[in-house]
Protein chains: 2
Amino acid sequence: MGASIKDVAQRAGVSVTSVSRVLNGEKYVSKALLEKVNRVIEELNYSPSHIARSLKSQKTSIIGIIVPNLTNQFSSTILSNIEETASAKGYNLLVGNIAESLEKELKYLRIFQNMRVDGIIVMHQKFDDRILDFFAGASMPILFSSVKAPSSTYLSVMIDDYQAAFDTTEHLIQTGHVNVAYLGGDLDDITSGLNRYRGFLDAMKKHGLEQDERFVKFGDYKLPSGHRLMEEIIRQDELPTVVFAASDDMAVGALNCALDYGLQVPKDISIVGFDGSRITELVRPAITSMEQPVEELGRKSVDYMHQLIVNPEFTFDSDIILQHRLVVRESSRALM
Amino acid sequence: MGASIKDVAQRAGVSVTSVSRVLNGEKYVSKALLEKVNRVIEELNYSPSHIARSLKSQKTSIIGIIVPNLTNQFSSTILSNIEETASAKGYNLLVGNIAESLEKELKYLRIFQNMRVDGIIVMHQKFDDRILDFFAGASMPILFSSVKAPSSTYLSVMIDDYQAAFDTTEHLIQTGHVNVAYLGGDLDDITSGLNRYRGFLDAMKKHGLEQDERFVKFGDYKLPSGHRLMEEIIRQDELPTVVFAASDDMAVGALNCALDYGLQVPKDISIVGFDGSRITELVRPAITSMEQPVEELGRKSVDYMHQLIVNPEFTFDSDIILQHRLVVRESSRALM
DNA sequence: TTGAAAGCGCTAACAT
DNA sequence: ATGTTAGCGCTTTCAA
């Protein structure tokens, strides 16, 4: 199809080496040659093949990224922030949307391997053995963004989910809530399932409160499950004063359910989410949420990935923990 | 780093051709050779280089995609649907998030060119000359998804925005609305700016209604502009009975503004959006919206792109127009 | 300052 | 059924 470096060289009457030199802005090219070559490049609408360069240099400047679900607000926001830094640093993103399927994750990981991407960023959390094997045998650096890596061999850039859930719960208790409901995620899911739940539990314990079995329910982070679990709670004899959901989507589901049942939020019941995705600001009432620093998450993920790529000796002795921040909005109120 | 086909060949004591044959599942390989080679492939954890294959075959099986904004619900939903079909068809997606910057769009287009992607899908709309020049000189097929192509040389897969806006407006009029407000987008933006506005206008005209200057305002499709324009409308002396926003984000902005001003929706005022993105179902009241068939949009975009890629003689004499559908939810009501 | 030639990892035409 | 070799488009010695 397009012209190759050879075509340019021939038309310009020079060697391919010279064209290569012009392409790469090297020294030791005469002005005449430079101009001639550039003219021909224009004429032929030539553009150098990244493929060939990659083959030669063994670098693709591509980062493969495993996204759990593109339709999820939080994922796509992080993706967007990762893209921004990656692009600025000269990396391009090959996006593997796995739609929560391990089959698809494995498929994409193998593609990344074949593609010889410079590195892989994983934003997903629950793995099976085949995937762990892949990680172990991969020839490029792998970094986990917003989730805990399956082993300390890999770097994670994330918040302290345990502490964040602890702080949220403590805030609720300190503002007078005693009957705290918790809508959690899959406990097999270390970062956002288990750790957040443990943070909630320990904060309750610290303040001498016990978890009320009727008020602790587990779903799948998604909106419908928030709605469903909330419905179970509402239909019971007693109402908690606040519902702490382990994801914003679940919080929105819970909010909608409360509104559907004619409850006033936060007058009748407070609702608090987790993640700080944009959705919390755009529903009414706007939802109080434990916010993750998405810009920093994106930036640092790429920064460290870049380190891992350019410097094979780069070592770390712990995860990169970013600061969380509770953003109080309209959906929660103090009881005192 | 990793092993090459040569390493496999040597270790197995066969030629590279034989290894290649095994890799590609060709006929005429003895069972013994096949097993030997496969064993060595396992031992060496070998995976064939897609780079080298691409260089040889002049096919990358990569589709470059220009996304206006990853944080936008509608964009990422389409992207997700495109990804699904693309992945099923063996294509991988290189995502160019341009964050509405033409500089960045051009940058990504050039990268796609260098990368020798098999095709480019564009989900963006307002171009400058440099970008149009790029399109004209590109050596791979270019397809426009959900937006109108800048010329009929390119294929568009999209709905009929004019007709969709016309139908929405007519529906409102037929359910008794006379004072219809319209929150539009950039009129330079043919598909969603100009055509939707013209559809609105013509439907009004058809029913003998004139647009009320006080009720027609233009923003940028985003939520804050919907809020702002709605505020301008509310602060005027008279209220329309319905607000038709040219995007769901603007509709949500308008809804929030109405709620913030203590209006009841749809009792005091109806609100209608455009796009049918998930957000319309998750706010309260859920928003009536002119829905675009996102799954079909994604699927057909990739189907046609595939055609363009494999069959250079593929021709079309018109855009691919998909059906729109008004989904009535809680935010609008009939006045009769 | 310029060029010839080897080689990156693979496939395919040709030979045997 | 298997192997030899050229070549995809580029960069990089090495030589001139």
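Every chain is numbered independently, its residues counted from 1 as its sequence is written. Chains carry letters and ligands carry numbers; both start at the beginning, A for chains and 1 for ligands, and go up in the order they are written. Whole-chain, interface and lining totals are the exception, using all residues; otherwise, since this is a predicted model, local features are given only for residues with pLDDT of at least 70 and side-chain atom pairs are given and counted only at 80 or more. Here the side-chain values reflect all heavy atoms present in the structure, with hydrogen atoms and water set aside.

Under an unreviewed UniProt entry, the name given to chain A is LacI family DNA-binding transcriptional regulator, and the organism recorded is Paenibacillus terreus.

Once that is clear, we can look at helix α7 (residues 129–137) of chain B. Count 3.6 residues to each turn of an α-helix, and residues three or four apart come out pointing the same way. All names here are of chain B. Type-normalised accessible area, obtained with a 1.4 Å probe on protein chains alone, sets the label of each residue: buried when under 20%, exposed when over 50%, and partly exposed for intermediate values. Per the convention used, a helix needs a DSSP run of H or I reaching at least four residues, while a strand needs a run of E reaching at least two, with both numbered from the N terminus. Taken together, the buried positions of α7 are Ile131, Phe134 and Phe135. Across the axial projection of α7, the buried residues extend over an arc of 100°, all falling on one side. Across from the buried face of α7, at angles greater than 90 degrees, the exposed residues are Asp129, Asp133 and Ala136. Buried positions along α7 lie against α6 (102–115), β3 (119–122) and β4 (142–145). Each direction from the helix axis to a C-beta atom contributes to the arc, which is the arc of those directions. Residues count as neighbours in contact if any of their non-hydrogen atoms are within 4.5 Å of one another.

This part takes up the UniProt feature "domain: HTH lacI-type" (unreviewed entry) in chain A. UniProt positions are given in the numbering used here, feature names are shortened, and annotations may be inferred rather than shown by experiment. Within this structure's numbering, the places UniProt gives as "domain: HTH lacI-type" (unreviewed entry) are residues 3–57 of chain A. The distance from the first to the last C-alpha atom of residues 3–57 of chain A is 21 Å, and the span holds 69% helix and 0% strand.

A separate point is the protein's contact with DNA strand C. Taken together, 26 residues sit near DNA strand C, with A:Ser18, A:Arg21, A:Tyr28, B:Ile5 and B:Tyr46 positioned nearest. At the protein interface, 61% of the atoms of DNA strand C within 4 Å belong to sugar or phosphate. In the model, a base nitrogen of DNA strand C is placed 3.1 Å from a nitrogen or oxygen of the B:Thr17 side chain. Pairs of N or O atoms are called polar contacts if they sit within 3.5 Å, as long as, within protein, a hydrogen donor faces a hydrogen acceptor (for residues adjacent in sequence, only side-chain-to-side-chain pairs). Contact distances for DNA strand C include 2.8 Å between a phosphate oxygen and a backbone N or O atom of B:Ser49. Sorting the residues of the surface near DNA strand C by element identifies α2 (16–23) and α4 (50–57) of chain A together with α1 (5–12), α2 (16–23) and α4 (50–57) of chain B as the ones contributing at least two each. In this text, near means that some heavy atom of the residue lies within 4 Å of the molecule or strand in question.

Our focus in this paragraph is the pairing of strand β5 (residues 155–159) of chain A. Residue and element names in this part refer to chain A. Extensive coverage of β5 is indicated by the burial of five of its five residues. Covered by surrounding structure in β5 are Leu155, Val157 and Ile159 together with Ser156 and Met158, the residues of both alternating faces. When DSSP finds two or more bridges between a pair of strands, those strands are recorded as paired. By the bridge criterion, three bridges tie β5 to strand β11 (residues 320–322) in an arrangement that is parallel. Bridge pairing in β11 places valine 157 opposite isoleucine 320.

With that settled, the discussion passes to the relation of the copies chain A and chain B. For this overlay, a least-squares fit was computed on C-alpha atoms, restricted to residues scoring pLDDT of at least 70 in both copies. For the pair chain A and chain B, the best superposition has an RMSD of 0.1 Å and corresponds to a rotation of 180° with a translation of 0.1 Å parallel to the axis. Considering both components of the superposition, the chain copies are consistent with a two-fold axis. Among all residues of chain A, the minimum C-alpha distance to the rotation axis is found for A:Leu94, at 2.3 Å.

What follows covers the interface of chain A and chain B. Contacts between chain A and chain B engage 51 residues on the former and 51 residues on the latter. A carboxyl oxygen of Asp or Glu within 4 Å of a side-chain nitrogen of Lys or Arg is what we treat as a salt bridge. Our count for the chain A to chain B interface comes out at four salt bridges. With a shortest N-O distance of 3.0 Å, B:Arg284 and A:Asp260 are connected by a salt bridge. The interface formed by chain A and chain B holds 22 residue pairs in polar contact (both at pLDDT 80 or more) in total. At the level of secondary structure, the elements contributing two or more residues to the side of chain A that touches chain B comprise α4, α5 (73–88), β2 (92–97), α6 (102–115), α10 (223–234), α11 (248–260) and α12 (279–282) of chain A. Here the element with the most residues in the side of chain A that touches chain B is α5(A); it accounts for nine residues. For the side of chain A that touches chain B, the class distribution of residues is 22 nonpolar, 20 polar and nine charged. Residue classes follow a fixed rule: Ala, Val, Leu, Ile, Met, Phe, Trp, Tyr, Cys and Pro count as nonpolar, while Asp, Glu, Lys and Arg count as charged, and any other residue, Gly among them, counts as polar.

Looking now at the protein's contact with DNA strand D. Taken together, 26 residues lie around DNA strand D, and A:Ile5, A:Tyr46, B:Thr17, B:Arg21 and B:Tyr28 are the ones closest in. Atoms of DNA strand D within 4 Å of the protein belong to the sugar or the phosphate in 60% of instances, the rest to bases. Taking A:Ser20, its side chain carries an N or O atom lying 2.7 Å from a phosphate oxygen of DNA strand D. Contacts to DNA strand D include B:Arg21, whose side-chain N or O atom sits 2.6 Å from a base oxygen. Those elements giving two or more residues to the surface near DNA strand D turn out to be α1 (5–12), α2 and α4 of chain A together with α2 and α4 of chain B. A total of four residues in the surface near DNA strand D trace back to one element, the largest contributor, which is α4(A).

Right, let's get into the packing of helix α10 (residues 223–234) of chain B against helix α11 (residues 248–260) of chain B. Residues and elements named next belong to chain B. All axes are obtained by fitting lines to C-alpha atoms, using only the stretch in contact for helices, and the reported angles, taken between N-to-C directions, cover 0 to 180 degrees. Running from N to C, α10 and α11 point in directions that differ by 45°, and their axes come no closer than 7 Å. Considering the angle they form, α10 stands oblique to α11. Helix-helix and strand crossings are classified by hand; for α10 and α11 the assignment is right-handed. For the pair α10 and α11, the contacting residues are Leu223, Ser225, Gly226, His227, Leu229, Met230, Glu231 and Ile234 in the first and Asp249, Met250, Val252, Gly253, Ala254, Asn256, Cys257, Ala258 and Asp260 in the second. The class makeup of the residues in the contact of α10 with α11 is nine nonpolar, five polar and three charged. Put simply, angles under 35 degrees are roughly parallel, angles over 145 are roughly antiparallel, angles from 65 to 115 are roughly perpendicular, and the rest are oblique. Definitions for this section: a left-handed crossing has its near helix turned counterclockwise from the far helix by less than a right angle. A right-handed crossing has that turn clockwise.

On to the nonpolar core, then. Side-chain atoms within 4.5 Å are what join buried Ala, Val, Leu, Ile, Met, Phe, Trp, Tyr and Cys residues into a set we call a nonpolar core. Of all hydrophobic cores here, the largest spans 86 residues; its most connected members are A:Ile65 and B:Ile65. Dropping the residues within four chain positions of it, A:Ile65 is found in contact with A:Leu79, A:Ile82, A:Leu93, A:Leu94, A:Val95, A:Gly96, A:Phe112, A:Ile121 and A:Met123. Core analysis: the next-biggest nonpolar cluster, separate from the first, contains 50 residues, A:Phe215, A:Val243, B:Leu263 and B:Leu282 among them.

So, on to the UniProt feature "domain: HTH cro/C1-type" (unreviewed entry) in chain A. Summarizing the sequence annotation, UniProt attributes the feature "domain: HTH cro/C1-type" (unreviewed entry) to residues 4–51 of chain A in the numbering used throughout. End-to-end, the C-alpha atoms of residues 4–51 of chain A are 12 Å apart, and along that stretch the chain is 67% helix and 0% strand.

A few words on the sheet that holds strand β7 (residues 216–218) of chain A. All names here are of chain A. With mixed pairing, six strands are arranged side by side in an open sheet as β7-β6-β8-β9-β10-β12. The sheet terminates laterally at β7 and β12 (325–327), the two strands that pair on one side only. Across the sheet, the axes of successive neighbouring strands diverge by a mean angle of 15°, strand direction being ignored. For strand β6 (residues 180–184) and strand β8 (residues 242–245), the ladder comprises four bridges, and the chain directions are parallel. The residue bridging tyrosine 182 from the neighbouring strand is phenylalanine 244, located in β8. Of the strands in this sheet, β6, β7, β8 and β9 (270–275) touch helix α9 (residues 190–206), which is tilted by about 170° from β6.

What follows deals with the pairing of strand β3 (residues 119–122) of chain A. All names here are of chain A. Residue alternation in β3 divides its side chains into two sets, Gly119 and Ile121 and Ile120 and Val122, and both sets are buried. Sheet topology note: the strand β1 (residues 62–67)/β3 ladder contains four bridges and is parallel. Residue pairing in the sheet places isoleucine 65 in a bridge with isoleucine 121 of β3. Pairing between β3 and strand β4 (residues 142–145): three bridges, direction parallel. Bridge pairing in β4 places isoleucine 120 opposite isoleucine 142. Note that the unit made of β3, helix α7 (residues 129–137) and β4 has a crossover that is right-handed. For the handedness criterion, the strands are oriented away from the viewer, and a crossover whose path from the first strand over the helix to the second runs clockwise is classed as right-handed.

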